[in-house]
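# Observations on the three-dimensional arrangement
So you can see what is in the structure, the chains are spelled out below.
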Amino acid sequence: MDLKQLRYFTKIAELGNMTRASESLRIAQPALSQQISNLESELGTRLFDRGVYGARLTSSGELLYGHAKSLLRQVQDVREAISEEVQHPTGRVAIGIPGSTAKLLAEPLLRTVLQEGTILLEIVERPSAELIDLVATGKLDLAVVVDAQKRKGARISPLFTEQMCAVLPMEMKKGKASVKLKDIAESPLILPSAPSTIRQRVEAALLDKHLKYRVVSEVSSTDLLIRLVSAGLGWTVLPWSAVMEDAKRFQKVQALPIAGHPLEREIALCASDTYPLSRAAEVIQGYVTTILTQLVDEGGWRGTQLIKPGVAD
């Protein structure tokens, strides 16, 4: 007994006529009769009394009809529920976002999720290295990561690169549209505390150019870095996404591109290569990719360039 046979059976029962049922089902009458004959053989009983009046249910047929209608309704309910879940998934999704990226992504992402209203989004702010570990161990569904290193259990999908800029006190701008590495080396530096990929890239660039530099302080908080720069105590180097909000708030710092030797970092999306994404997580992944791509394409994220598929490792 299968669902197709039950569907054929109920249609004959409702129309009371084999010919009309075959027309409605768009199946040849001999094939339809054979399906019903197979069903009767399997059940060991007649389901219809056939005559000039058509096809009438026997007592066994009446019993089967009630169960068949219930089963077919349940199957339809399951199909509709699955279809609804595919179109409007539900559940909880945990995504990790580093602080600087969260300043541009968190608000539009949550706004998009709230428009649907069926997914509960948890946003976890941590350094990229921690986020990759959390994804690999199944504690996060997804993460936006920076300069991610390959790690077992995590799949890294590069999205775009972001240039870093020199952050200096406003009064030291003196009409400059950009600065050079030499200008950075000659200034007192307040850099992110190790381990930091920003710190690594800055120091590597200065050493590559054989430039001597002086670090006057190491700070783990981006907000505090910018506060100290705004107080005129030194320069720092940060991506525009990290500094743009605080630069507007303090109005005492300026972020300038670095000419001649641009420093950049890679933004990627991280998911587990072991645990499959739920349908809700797949939807969030799509939202994140769309929002970040639009920010880059429309100039809402300064100093960025999309990575073409296949270009990055």
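Parameters and conventions
Residues numbered from 1 in each chain as written. Predicted model: local features only at pLDDT ≥ 70, side-chain atom pairs only at ≥ 80, totals over all residues. Heavy atoms only, no water. Salt bridge = Lys/Arg side-chain N within 4 Å of Asp/Glu carboxyl O. Helix = DSSP H or I, 4+ residues; strand = E, 2+ residues; numbered from the N terminus. Buried < 20%, exposed > 50% of the residue type's maximum accessible area, 1.4 Å probe, protein only. Axes fitted to C-alpha atoms, helices over the stretch in contact; angles between N-to-C directions. Parallel < 35°, antiparallel > 145°, perpendicular 65-115°, else oblique. Contact = heavy atoms within 4.5 Å. Nonpolar A, V, L, I, M, F, W, Y, C, P; charged D, E, K, R; others polar. Arc of directions from axis to C-beta. UniProt positions renumbered as here; feature names shortened; annotations may be inferred. Core = buried A, V, L, I, M, F, W, Y, C linked by side-chain atoms within 4.5 Å. Pairing = 2+ DSSP bridges. Phe/Tyr/Trp six-rings, centres within 6.5 Å; stacked < 30°, edge-to-face > 60°.

## Describing the pattern of salt bridges
- Summed over the entire model, instances satisfying the criterion amount to 14 salt bridges.
- Between Lys69 and Glu14 there is a salt bridge whose closest N-O contact spans 2.9 Å. Residue Lys69 is located in helix H4 (residues 59–87), and its partner Glu14 is located in helix H1 (residues 3–15); the two are separated by 55 residues in the primary sequence.
- Where Glu40 meets Arg50, a salt bridge forms, and the shortest distance between an N and an O atom there is 3.8 Å. Note that Glu40 is positioned in helix H3 (residues 29–43) and Arg50 in strand E1 (residues 48–51), a separation of 10 residues in sequence.
- The buried category is assigned to Glu40, whose relative accessible area is 12%.
- Taken together, the salt bridges that share partners define one network made up of Arg199, Glu203 and Glu218.

## Thoughts on the packing of helix H2 (residues 18–25) against H3
- Where H2 meets H3, the axes come as close as 9 Å, and the angle between the chain directions of the two elements is 105°. Judged on the interaxial angle alone, H3 and H2 are roughly perpendicular. Counting all contacts with H2, which are made through Met18, Thr19, Ala21, Ser22 and Leu25, the residues of H3 involved are Gln29, Leu32 and Ser33.
- Taken together, the residues of the contact of H2 with H3 break down into 4 nonpolar, 4 polar and no charged.

## What about helix H6 (residues 128–136)?
- Burial in H6 covers these residues: Ser128, Leu131, Ile132, Val135 and Ala136. Buried residues of H6, viewed axially, fall in a sector of 135°; they line one side.
- Those residues of H6 hidden inside the fold are in contact with strand E3 (91–97), strand E4 (119–125), strand E5 (142–146), strand E6 (154–169) and strand E12 (264–272).
- Among the residues trailing H6, Gly138 stands out with phi positive, at a value near 80°.

## Notes on unusual backbone geometry
- Despite not being glycine, Arg26 shows a phi value in the positive range, around 60°.
- Residue classification places Arg26 among the exposed residues on the basis of a relative accessible area of 80%.

## A closer look at the UniProt feature "domain: HTH lysR-type" (unreviewed entry) in the protein
- Within the UniProt annotation, "domain: HTH lysR-type" (unreviewed entry) is assigned to residues 1–58.
- Structurally, residues 1–58 is divided into 62% helix and 14% strand, and its ends, taken at the C-alpha atoms, are 18 Å apart.

## Comments concerning the environment of Ile307
- Considering the arrangement of structural elements, one finds Ile307 in the segment after strand E13 (304–306).
- Considering only alpha carbons, one finds Ile307 and Ile267, 40 residues apart in sequence, at a separation of 9.4 Å.

## With respect to the side chain of Thr161
- One can find Thr161 in strand E6.
- With residues near it in sequence (within four places) discarded, Thr161 still touches Glu264, Arg265, Glu266, Gly303, Thr304, Gln305 and Ile307.

## Describing the nonpolar core
- Among the nonpolar cores identified, the biggest contains 62 residues, and Leu109, Ile184, Ile284 and Val288 are the most heavily contacted of them.
- Considering each element in turn, this core owes the most residues, 10 residues, to helix H11 (residues 279–297).
- Sequence-distant contacts of Ile184, defined by excluding residues within four places in its chain, comprise Ala166, Val179, Leu189, Trp235, Val237 and Ile258.
- Judged by nonpolar contacts, the second largest core, of 17 residues, contains Tyr8, Met18, Leu39 and Phe48.

## Notes on the environment of Arg214
- Inspection of the secondary structure assignment puts Arg214 in strand E9 (residues 214–219).
- On a C-alpha basis, the gap between Arg214 and Leu292 in space is 36 Å, while along the polypeptide they are 78 residues apart.
- Every residue in contact with Arg214, bar those within four places of it in the chain, is listed here: Ala185, Ser187, Pro188 and Leu189.

## Here we look at the pairing of strand E2 (residues 54–57)
- Sheet topology note: the E1/E2 ladder contains 4 bridges and is antiparallel. Directly across from Asp49, in E2, lies its bridge partner Arg56.
- Between E1 and E2, which pair antiparallel in sequence order, lie 2 residues.

## Structural notes on the packing of aromatic side chains
- Per the stated rule, a full pass over the model turns up 2 aromatic pairs.
- Each ring, one from Phe160 and one from Trp301, has its centre 5.0 Å from the other, and the planes form 70°; the classification is edge-to-face. One end of the pair, Phe160, is in strand E6; the other, Trp301, is in the loop between H11 and E13, with 141 residues separating them in the sequence. The residues Phe160 and Trp301 share a single accessibility class, namely buried.

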